[in-house]
Amino acid sequence: MRLSRYFIPVLKETPSDAQIVSHRLMLRAGLIRQEAAGIYAWLPLGHRVLRKIEQIVREEQDRAGAAEMLMPTLQPADLWRESGRYDDYGQEMLRIVDRHKRDLLYGPTNEEMITEIFRSYCRSYKDVPKLLYHIQWKFRDEIRPRFGVMRGREFLMKDAYSFDLDEDSARMSYNRMFIAYLNTFARLGLKAVPMRADTGPIGGDLSHEFIILADTGESEVFCHADLVEMAAPGLDVDFDGDLQPLVDQRTALYAATEEMHDADRFVAEVPVDKRVSARGIEVGHIFNFGTKYSEPMKANVVHPDGKERPVHMGSYGVGVSRLMGGIIEASHDENGIIWPDSVTPYGVGIINMRADDEATNAACETAYAALTKAGKEPLLDDTADRAGAKFARMDLIGLPYQLVIGPRGLKEGKIEVKARRSGEKHELSLDDAINRLAEGIFANG
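Below you will find a few notes about this structure. (Residues numbered from 1 in each chain as written. Predicted model: local features only at pLDDT ≥ 70, side-chain atom pairs only at ≥ 80, totals over all residues. Heavy atoms only, no water.)

**Describing empty space enclosed by the protein**
At step 1: Within this structure, the stated rule accounts for two cavities of 30 Å³ or more.
At step 2: By volume, the largest cavity is sized at about 50 Å³.
At step 3: Lining of the largest cavity is provided by Gly38, Ile39, Tyr40, Trp42, Trp137, Val149, Gly152, Glu154, Phe155 and Ser321.
At step 4: For the lining of the largest cavity, the secondary structure elements donating two or more residues are strand E2 (39–42) and strand E8 (154–164). (1 Å grid on protein atoms, 1.4 Å probe; cavity = no way out; pocket = protein on both sides within 12 Å on 5 of 7 lines; lining within 4 Å. Points joined across faces, edges and corners; volume = space filled by probe spheres on them. Helix = DSSP H or I, 4+ residues; strand = E, 2+ residues; numbered from the N terminus.)

**A word on the sheet that holds strand E23 (residues 425–428)**
At step 1: Pairing is mixed in the open sheet, where five strands are placed in the order E20-E19-E21-E22-E23. Only two strands of the sheet have a single partner each, and these edge strands are strand E20 (378–381) and E23. Going from strand to strand, the sheet's axes swing by 20° on average, the running direction of each strand aside.
At step 2: Note: strand E21 (residues 401–405) against strand E22 (residues 415–419), four bridges, orientation antiparallel. Its bridge partner lying in E22, leucine 403 is registered against valine 417. (Pairing = 2+ DSSP bridges. Axes fitted to C-alpha atoms, helices over the stretch in contact; angles between N-to-C directions.)

**Describing the pairing of strand E6 (residues 103–106)**
Consecutive side chains along a regular strand alternate between the two faces of the sheet.
At step 1: As judged from the three bridges shared by strand E4 (residues 74–76) and E6, these two strands associate in the antiparallel manner. Counterpart to glutamine 75 in the pairing with E6 is leucine 105.
At step 2: Alignment of strand E5 (residues 94–97) against E6, held across four bridges, turns out to be antiparallel. Within the sheet, the bridge partner assigned to isoleucine 96 lies in E6 and is leucine 104.

Here is the structure:
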């Protein structure tokens, strides 16, 4: 993409109402624009990152054996009356009456609808287990939306739902999602710690939040330091095998959100030098809620003994749009965003130092064509802006590498490659720089 044709409305000043780093940088870097309280338009650069995050989430759900579908944003209120949650959910639910006087709602979550879909087609023990998911926009009418996409009213969510014959098999589905989440967050460049959590309005008796540590976190969290550095299980995990040992490895160490924290246990179980007390950001939440929805909504299957019983269910959420804010909170500096390679909107920023110089233009075009062919998704700054403005903008939007090409360096047969995360700079020939970037030889660490 050529910057002269692109749309990145960067801001020089930080908006006064942006309270946390991710909100400030997303506005300044032209990723989003606020259209109403807690509601944002996703501008081209932000939309590219959002779709890359979504794709990684999708790939790890597929790897774990979940099947993707898509449910509507509007839901019949009668489904929520069946479960008993319509009146209990409160004012966060956006309720709508259509022209035929039918009660609808803009879905804040999808337990009721997925249960209705399952019960319409699955009636035998032979029809389970099932693990279904979708990625869809949600709406919760937060009384005080704040922190940008971290606590907005409209947001993109991945919701997965499991249906199993009994409690033991339901735990196996829970473990699948537990491991899938660890791999998902690792691929996004995040260190996420699973913590025992309150089940909240979703309900159930088993729940974990996946938390990344950040000074701007919403709540206090407590955990064993080894959990923070524990590597993800990896993409070669056998999801059809026994995952319990991998889950136990993490749940054996103390980790709890503020609501579930036991100070005495924390002191007794965690050595002084291993105690972590910090602020945290929730990036995922999983629940095992048994028959909370299947029983009142009569989602029953016939067991091998011929008796009909409600299925055991679980719910597994990831805030896809919220993750972008979490990534920025975890990966930035005083100059702007530092994108992990996996979700960067463009892989290399090519800075043309003299857009009116024929040799510089030719070298930039050579690099642009070669890196495009190599799949590195370059962004070419071919504008006539001052060099300082180009450098500042490229640092702000946070692409992993910058390829700086100017007439002075070209006369000496050199161009400059800068790694955004480390700040390291390398002077190389144009061909050498292109080849090393194309082959991924530079370490952005």
